[in-house]
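# Working through the structure, step by step
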Amino acid sequence: MTSAQEPAFGVGDASFQAAGGESGLQQLVADFYQVMEEAPQAAIVRAMYPDDVSEARDRLASFLSGWLGGPKRYAEKYGGISIPQFHTRWQVGEAERDAWLFCMEQAIARQPYTPEFAEYLLRQLRVPAERIRQVQTACPARPGQS
Ligand code: HEM
């Protein structure tokens, strides 16, 4: 059972719908990269991305669509991905994880989400973000990294 206080965002495509569907996710991701561009706290992660983030925007929005229970756009367009493994090519420690989450927190705050969904989404995003950091710690001998 769910109540008005605890919407079942994880069920079916409820999260995808709460995020405003594909156009809502495109806006979230556009704002995410906008914050990353502008916020001094984000410089540490901005430096990891290419100058032109238009492709990265589409990839992240596509991924979030499926991840939130909507259409699996990333798989359709780009194939399979393991988020922790994919990110082992960069060095992601606590500072990078927190800077990335900071951008998401700011971007989420710019959306017309309910406070419940805003809080839920950020909490969910912390899971893969932390996983990325942990997987890196587990394989310290990545090629090309000290
Ligand atoms: C923990 C902090 C994170 C950092 C520092 C980080 C950094 C990056 C960087 C530098 C790229 C490459 C962009 C490009 O070259 O175009 C990228 C791509 C991507 N990231 Fe992250 N990321 C983080 C967390 C996450 C999380 C939590 C998710 C999923 C919820 C995610 C999903 C993706 C996806 C889907 C891509 C595109 C993959 C592709 O190129 O096909 N990232 N990330």
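Before going into details, it helps to say that this report is about the structure given with it. (Residues numbered from 1 in each chain as written. Predicted model: local features only at pLDDT ≥ 70, side-chain atom pairs only at ≥ 80, totals over all residues.)

### Describing the site of the ligand
As a matter of local geometry, the ligand sits amid 23 residues, with Met48, Ala56, Arg59, Phe63 and Trp100 nearest to it. Secondary-structure elements contributing two or more residues to the shell around the ligand are helix H4 (54-67), helix H6 (83-86), helix H7 (94-109) and helix H8 (115-138). Of the residues forming the shell around the ligand, the biggest block, five residues, is contributed by H4. Among the residues forming the shell around the ligand, the class breakdown is 18 nonpolar, one polar and four charged. (Near = placed C-beta within 6 Å. Helix = DSSP H or I, 4+ residues; strand = E, 2+ residues; numbered from the N terminus. Nonpolar A, V, L, I, M, F, W, Y, C, P; charged D, E, K, R; others polar.)

### Structural notes on H7
Between the first and last C-alpha of H7 there are 22 Å, a value that for 16 residues agrees with the 22 Å anticipated at 1.5 Å per step. Along H7, the residues that are buried comprise Glu96, Arg97, Trp100, Cys103, Met104, Ala107 and Ile108. Seen end-on, H7 carries its buried residues on one side only, within an arc spanning 135 degrees. Across H7 from its buried face, at more than 90 degrees, point the exposed residues Glu94 and Ala109. Contact partners of the buried residues in H7: helix H2 (21-38), helix H3 (43-46) and H8. (Expected span 1.5 Å × (residues − 1). Buried ≥ 20, exposed ≤ 12 C-beta atoms within 10 Å, placed from the backbone. Arc of directions from axis to C-beta. Contact = placed C-beta atoms within 7 Å.)

### Points about the packing of H2 against H4
Angle between the axes and distance between the axes are the two parameters that describe a pair of packed helices. As a packed pair, H2 and H4 sit with axes 9 Å apart at the nearest point and diverge in direction by 135 degrees. Here H2 is positioned oblique relative to H4, judged by the angle of their axes. As for how H2 packs across H4, the hand of that crossing is right-handed. Across the interface between the two elements, Glu22, Leu25, Gln26, Val29, Ala30 and Tyr33 from H2 touch Arg57, Leu60, Ala61, Leu64 and Ser65 from H4. (Axes fitted to C-alpha atoms, helices over the stretch in contact; angles between N-to-C directions. Parallel < 35°, antiparallel > 145°, perpendicular 65-115°, else oblique. Left-handed = near helix turned anticlockwise from the far one by under 90°.)

### A few points about the packing of H2 against H7
It is at 8 Å that the axes of H2 and H7 come closest, and there the two elements cross at 125 degrees. It follows that H2 is oblique to H7 by the angle criterion. Once H2 is placed against H7, the crossing between them reads as right-handed. Along the contact surface, H2 presents Leu28, Asp31, Phe32, Val35 and Met36, while H7 presents Cys103, Met104, Gln106, Ala107 and Ile108. A class-by-class count of the residues in the contact of H2 with H7 yields eight nonpolar, one polar and one charged.

### Looking at the environment of Gln134
When you line up the elements, Gln134 lands in helix H8. Gln134 gets classed as exposed once you count the C-beta atoms within 10 Å, which come to 11. Remark: the alpha-carbon pair of Gln134 and Pro84, spanning 50 residues in sequence, is separated by 8.5 Å.

### Regarding the nonpolar core
Judged by nonpolar contacts, the single largest core of 26 residues is most densely connected at Ala19, Leu25, Leu28, Phe32, Cys103, Met104 and Ala107. Mapped onto this core, the elements with two or more residues apiece are helix H1 (14-18), H2, H4, H7 and H8. With six residues, the single largest contributor to this core is H2. Residue contacts for Ala107: discarding those within four places in its chain leaves Leu28, Asp31, Phe32 and Val35. (Core = buried A, V, L, I, M, F, W, Y, C linked by C-beta atoms within 7 Å.)

### Focus on the environment of Arg89
Along the polypeptide, Arg89 turns up in the loop between H6 and H7. Residue Arg89 is classed as partly exposed on the basis of its 13 C-beta neighbours within 10 Å. When the C-alpha positions of Arg89 and Gln136 are compared, they lie 9.0 Å apart, and in sequence the two are 47 residues distant.

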